[in-house]
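Remarks on the overall topology
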Amino acid sequence: MEPEPATASAGGHPTQRVKTMRILCTASLLFALALSAPDATAQDVDHGKDDYKLCASCHGFDAAGSKLVNAPALAGQEAWYLERQIRNFRAGIRGNSDGDTHGQAMALMTRGLESDETIMDIVAYIGTLPAAAPASTIDGDANNGEALYSTCAACHGASAEGNEMLNAPALTTIDDWYQLRQLQNFKSGARGAHAEDTYGQQMRPMASVLPDEKAMRDVVKYISSLE
């Protein structure tokens, strides 16, 4: 006598119930694994802290920078901007001009970074450090600088807070002496001349609006007065 076929109950067809149970078990297992998995972000920061030792020799262990060795503050700067600049140095897009000796030194240092993941790890670690508060070191006329800054404000913001959508970094956490040098570099073509430095090329005509070093110093002095 052949066995009678299984009949569906209030819980549905037996085969369907088995599939449902398997799905639920799989989901539970994945959820448990997710809870027990190490924090990827924490791992990145740990790796970044170790890799950052290469940078600390110039930028300091607190990433507050050092004018003595021409290394600007990094702490407090946006991750997207730091990542782009480090990649540009490593690729030779930045620091490839004879007129940018300090950029050349930085390009040489970035050759020791193995991958984009290494760069992101370093930037992730820098992001855990307290933002730098650069001291004002440049003499200038802040009142005149405020008037000149109106051109810069279109991208960098009225308070120099930056705008990622316009690829304009915040300026208030960047050392004034470094800002002055970069304006000089943009104006002279030592920076922003490379064909692949799209955003640097956009910055060059903006720097050219400033007629001389006095105007640059005035703008930088005004920026350093902002919080």
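Treat the numbers as computed from the prediction; the structure is a model and nothing was measured.

Counting its secondary structure elements, the protein chain contains 10 helices and zero strands. Counting helices and strands in the order they occur from the N terminus, the protein chain gives α-α-α-α-α-α-α-α-α-α. The buried share among the 227 residues of the protein chain stands at 36%. Carbon and sulfur atoms make up 57% of the accessible area of the protein chain, which amounts to about 13300 Å² in all.

Take the packing of aromatic side chains next. Here the structure, examined in full by the defined rule, presents four aromatic pairs. Aromatic pair Trp 80 and Tyr 81: ring centres 5.8 Å apart, planes at 80°, arrangement edge-to-face. For Tyr 81, a relative accessible area of 14% puts it in the buried group. Taking 6.1 Å as the distance between ring centres and 85° as the angle between the ring planes, the aromatic pair formed by Trp 177 and Tyr 178 counts as edge-to-face.

This brings us to the environment of Ser 66. Mapped onto the elements of the fold, Ser 66 is located in the loop between helix H3 (53-59) and helix H4 (79-91). The exposure class of Ser 66 is partly exposed, given its relative accessible area of 24%. For Ser 66 and Asp 175, which are 109 residues apart along the polypeptide, the C-alpha to C-alpha distance reads 9.4 Å. In contact with Ser 66, not counting residues within four places along its chain, are Cys 58, Ala 71 and Trp 177.

As a further point, take the nonpolar core. With 18 residues, the main nonpolar core has Tyr 149, Leu 171, Leu 183, Leu 210 and Ile 223 as its most contacted residues. Those residues in contact with Leu 171 that lie beyond four places of it in its chain are Tyr 149, His 156, Ala 160, Gln 179 and Ile 223. One finds Val 45, Tyr 52, Ala 63 and Ile 119 within the second-largest nonpolar core, a separate group that totals 16 residues.

Looking at the protein chain, the pLDDT average stands at 86 and 81% of residues meet or exceed 70. Contacts from residues 1-11, a stretch scored under 50 in pLDDT, to residues over four places away or in other chains number six contacts. With pLDDT under 50 throughout, residues 24-40 is counted as low confidence; its partners more than four residues away or in other chains account for one contact.

Between helix H8 (residues 176-188) and helix H10 (residues 213-224), the shortest axis-to-axis distance is 10 Å and the interhelical angle comes to 140°. As summarised for this structure, H8 and H10 are arranged oblique, according to the angle between their axes. Here the hand of the crossing between H8 and H10 comes out right-handed. Counting all contacts with H8, which are made through Asp 176, Gln 179, Leu 180, Leu 183, Gln 184 and Lys 187, the residues of H10 involved are Glu 213, Met 216, Arg 217, Val 220 and Ile 223.

This part covers the packing of H4 against helix H5 (residues 101-110). The geometry of H4 relative to H5 is characterised by a closest axis approach of 7 Å and an angle of 90° between their N-to-C directions. When the axes of H4 and H5 are compared, the pair comes out roughly perpendicular. Where H4 approaches H5, its residues Ile 86, Phe 89 and Arg 90 are matched on the opposing element by Gly 103, Met 106, Ala 107 and Thr 110. Residue composition of the contact of H4 with H5, by class: four nonpolar, two polar and one charged.

Conventions used here
Residues numbered from 1 in each chain as written. Predicted model: local features only at pLDDT ≥ 70, side-chain atom pairs only at ≥ 80, totals over all residues. Heavy atoms only, no water. Helix = DSSP H or I, 4+ residues; strand = E, 2+ residues; numbered from the N terminus. Buried < 20%, exposed > 50% of the residue type's maximum accessible area, 1.4 Å probe, protein only. Areas by Shrake-Rupley, 256 points an atom, 1.4 Å probe, with all protein chains shown as cover. Phe/Tyr/Trp six-rings, centres within 6.5 Å; stacked < 30°, edge-to-face > 60°. Contact = heavy atoms within 4.5 Å. Core = buried A, V, L, I, M, F, W, Y, C linked by side-chain atoms within 4.5 Å. pLDDT = per-residue confidence, 0-100. Axes fitted to C-alpha atoms, helices over the stretch in contact; angles between N-to-C directions. Parallel < 35°, antiparallel > 145°, perpendicular 65-115°, else oblique. Left-handed = near helix turned anticlockwise from the far one by under 90°. Nonpolar A, V, L, I, M, F, W, Y, C, P; charged D, E, K, R; others polar.

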